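Notes for the structure review
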Amino acid sequence: MNVKVLFFGATADTVGKREVEMSFDEETAASAALSQIFEKFPELQKNHGRKSLHFAVNQKYADDDEIINDGDELAVFTAVSGG
Amino acid sequence: MNVKVLFFGATADTVGKREVEMSFDEETAASAALSQIFEKFPELQKNHGRKSLHFAVNQKYADDDEIINDGDELAVFTAVSGG
Amino acid sequence: MKTNDGQKNHFFEITGEPLDVGEIARRVVLPECGATVTLDGYVRKFTKGRETDYLVYEAYEPMALSEMEKLIDAALEKFEIANIGIVHRVGRLEIGETSVVIAVSSPHRRAAFEACEWLIKELKRTVPIWKKEVYADGETWIEGDSAAFN
Amino acid sequence: MKTNDGQKNHFFEITGEPLDVGEIARRVVLPECGATVTLDGYVRKFTKGRETDYLVYEAYEPMALSEMEKLIDAALEKFEIANIGIVHRVGRLEIGETSVVIAVSSPHRRAAFEACEWLIKELKRTVPIWKKEVYADGETWIEGDSAAFN
C-alpha cells in the first residue's frame, strides 16, 4: 500500500524533501513505518533520534501502535516550536 | 484658611455641585473637615454614610488625621468604579 | 509621560476619545520583548440581568493619572516586565466600546499575564474614576468595593 | 471557521500576512462580554544572548488548524469564557512582528486571563508549527519541549 510521508522544519531540512511516497505492507503500525523511514533516510535517526521525533497520521498525533492504511498521510517532525 | 472641596460622580450628584470653596480653622484634620462638609451638605452623610466615602488631599488618598492646609484641594467621593 | 530609561516608555492617559486597543498594544513593544498581554475592558450589555443603555465614566483626572503612575511603578517593582501602557476613556460609552486598555510587554509571557491582571485589579480599586450605568428607566452611579480599599 | 451558536464566532487561522492585533482583539467582542484578554507574541531581538536577524515559521497547516480547533473546544469546556480567536502567521517575520495572537472574551476578566494563558501554553505544545531562528552567521530550527508533549 502507498502512503504519503511529510516532513517539516528540521526533518524536511534533514531529509532534503518535504514529501515522499512510500510503500508499506498492509497492517503496518506507525512505529514499524518509522523504522522503514529511518532505513530510507538514516540521517533522520542520526540527526534527531527516535525520541525527539513525533508523528501524525492523517493530521492527528499517533501512537506507536496505530495501524497505517493505504492512502494515509504520515508526518514526521520534531517537537513543535510555534507561538 | 480656604480650601477647595471637590465632588465626583455620586457625591457630585448628591451635593448638586462639583466644587465649593470652604473655610476651615488652621490645623483642621481631614476627618474634622469632613464633619463640617456634612454640616453644610447633610444629604452627603444621609445618602452615602461616612464609611462609604473616601477623601483625598491634593490628589492623594488621605487618612482621617491628615492636616489640611490653606489652599489645599480636598476631594470627597465614593469607592471608585472605573475600569 | 514617564520614561524609565532610554528605551522604555511607559504611558498612562485619560481621554475622551475612542480607544484603539491595537495601537495601545503595539506601543509597548520593545526589541527585547517577545510578548504583550493586553486587557481590553468594554461596556457589557447586561449587568445582573439588567440591560444597560450606555455608560458614563468620570475621572478625578490629575489624581487618576497620579494613581496610574503609582501602579506602573509598583508593577515594575513586582513583576519581570518591560513596558506598561494604561489608557482609560471618560465620557459617554456605548455597548462594546472600550473603557480601559492595559498593555504589558515582557521578555516572557508569564510575567506579562500576571502584571496585566494585577494592574486592572488595582486600577479598579485605587484609580479615582467612576461609572454611571444608564438604563431605559433610570441611572445609577456604580460604587466600588470600599472594603477592597481599606 | 466554527460557530457554537448564533452569536459566538470562534476563529482559528494561519496566514502569511501581517497580523493586526487590534482587529483580532475586537473580533471576539460580544454584547454579553465585558473584557477581552489578548496575547500578542512577536519576534524578540535576543534569545539567550544571541541576536536574531529574523524568524521563519512553518506550519503543517491542515493539522495545525485541526489542533487549534481542539484547543478552542477544550478551553470552552474548561473556562467560563465566551469567544476565542487564534491566528498564527507563517513565513519570514522581522523583529517585533507578531507571530501569534490569541484573544479571549468573557463576561468577567478572570476567566479570560486564565484561558488566554492556557491557550498559548497548549498551542506551543501541540500545534504543529515550527520556527527557524536566522542569525548573522547561521540558522537553527528551534525544537520544542518533547517532554512537555509526552
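Residues numbered from 1 in each chain as written. Chains lettered and ligands numbered in written order. Predicted model: local features only at pLDDT ≥ 70, side-chain atom pairs only at ≥ 80, totals over all residues. Heavy atoms only, no water.

**Some points on the nonpolar core**
- Ranked by size, the top nonpolar core spans 68 residues in total, and within it Ile86, Ile102 and Leu119 of chain C together with Ile86, Ile102 and Leu119 of chain D carry the most contacts.
- If we ignore the near neighbours within four places in the chain, the residues touching Leu119 of chain C are Leu71, Ile72, Ala75, Ile84, Ile86, Ile102 and Val104 of chain C. (Core = buried A, V, L, I, M, F, W, Y, C linked by side-chain atoms within 4.5 Å. Buried < 20%, exposed > 50% of the residue type's maximum accessible area, 1.4 Å probe, protein only. Contact = heavy atoms within 4.5 Å.)

**Considerations on the interface of chain C and chain B**
- Taken together, the contact pairs 30 residues of chain C with 23 residues of chain B.
- For the pair chain C and chain B, the two sides together bury roughly 2,100 Å², of which 57% comes from carbon and sulfur.
- It is Tyr60, Met63 and Trp130 of chain C that lose the most area in chain C upon contact with chain B, and together they represent 31% of the buried surface on that side.
- Along the contact surface separating chain C from chain B lie one salt bridge. (Buried area = accessible area lost by both parts, 1.4 Å probe. Salt bridge = Lys/Arg side-chain N within 4 Å of Asp/Glu carboxyl O.)

**Thoughts on the sheet that holds strand E7 (residues 91-94) of chain D**
Residue and element names in this part refer to chain D.
- Strand order in the open sheet made by the four strands is E7-E5-E9-E10, with antiparallel pairing throughout. Each end of this open sheet is capped by a strand with a single partner; those strands are E7 and strand E10 (138-141). Taken over all neighbouring pairs, the strand axes of this sheet differ in orientation by 25 degrees on average, direction set aside.
- Note that strand E5 (residues 54-59) and E7 share four bridges and pair antiparallel. What sits directly across from Val56, in E7, is Arg92. (Pairing = 2+ DSSP bridges. Helix = DSSP H or I, 4+ residues; strand = E, 2+ residues; numbered from the N terminus. Axes fitted to C-alpha atoms, helices over the stretch in contact; angles between N-to-C directions.)

**A word on the pattern of salt bridges**
- Applying the stated criterion across every chain yields a total of 30 salt bridges over all chains.
- Among the salt bridges present, the one from Arg110 of chain D reaches Glu117 of chain C, with a minimum N-O distance of 2.4 Å. You can see Arg110 of chain D sitting in helix H3 (residues 109-126) and its partner Glu117 of chain C sitting in helix H3 (residues 109-126), one on each of two chains.
- Take Arg110 of chain D: its relative accessible area is 44%, and that puts it in the partly exposed class.
- A salt bridge links Glu139 of chain C to Lys132 of chain C; its shortest N-O distance comes to 3.1 Å.
- You can call Glu139 of chain C partly exposed: its relative accessible area is 45%.
- The buried category is assigned to Lys132 of chain C, whose relative accessible area is 14%.
- Via salt bridges that share partners, Glu13, Glu23 and Arg27 of chain C belong to a single interconnected network.

**So, the interface of chain D and chain C**
- Opposite the 37 residues of chain D that make contact, chain C presents 37 residues.
- Of the roughly 2,800 Å² buried where chain D meets chain C, counting both sides, 55% is carbon and sulfur surface.
- Looking only at chain D, the three residues that lose the most surface to chain C are Tyr42, Arg44 and Phe113 of chain D, adding up to 24% of its buried area.
- On the surface where chain D and chain C come into contact, there are four salt bridges.

**What to know about the packing of aromatic side chains**
- In the structure shown here, the tally under the stated rule is 14 aromatic pairs over all chains.
- Aromatic pair Phe8 of chain B and Trp130 of chain C: ring centres 5.3 Å apart, planes at 10 degrees, arrangement stacked. Within this pair, whereas Phe8 of chain B is found in the loop between strand E1 (2-7) and helix H1 (9-15), its partner Trp130 of chain C is found in strand E9 (residues 129-135), the two belonging to separate chains.
- A relative accessible area of 1% places Trp130 of chain C in the buried class.
- In this structure an aromatic cluster arises from ring pairing among Phe8, Tyr61 and Phe77 of chain A together with Tyr60 and Trp130 of chain D.
- Just above the ring of Tyr135 of chain C sits the side chain of Arg50 of chain C; from NZ or CZ to the centre is 3.6 Å.
- The ring of Tyr42 of chain C carries the charged tip of Arg26 of chain D above its face, separated from the ring centre by 5.2 Å. (Phe/Tyr/Trp six-rings, centres within 6.5 Å; stacked < 30°, edge-to-face > 60°. Lys NZ or Arg CZ within 6 Å of the ring centre and 35° of its normal.)

**Let's talk about the side chain of Thr11 of chain B**
Residues and elements named next belong to chain B.
- In this structure, Thr11 sits in helix H1.
- By relative accessible area, which is 0% here, Thr11 ends up buried.
- Residue contacts for Thr11: discarding those within four places in its chain leaves Leu44, His48, Leu53, Val76, Phe77 and Thr78.

**Notes on the pairing of strand E10 (residues 138-141) of chain C**
Residue and element names in this part refer to chain C.
- In terms of strand pairing, E9 meets E10 through four bridges, oriented antiparallel. Paired with Lys132 across the bridge in E10 is Trp141.
- Count of turn residues in the E9/E10 antiparallel hairpin: two residues.

**What about the confidence of the model for chain C?**
All names here are of chain C.
- When pLDDT is averaged across chain C, the result is 92; 92% of the residues are at 70 or more.
- Taken together, the stretch residues 1-6 has pLDDT below 50 and engages in 15 contacts with residues farther than four places along the chain or on a different chain.
- The complex prediction reports pTM at 0.94, with the ipTM value standing at 0.94. (pLDDT = per-residue confidence, 0-100.)

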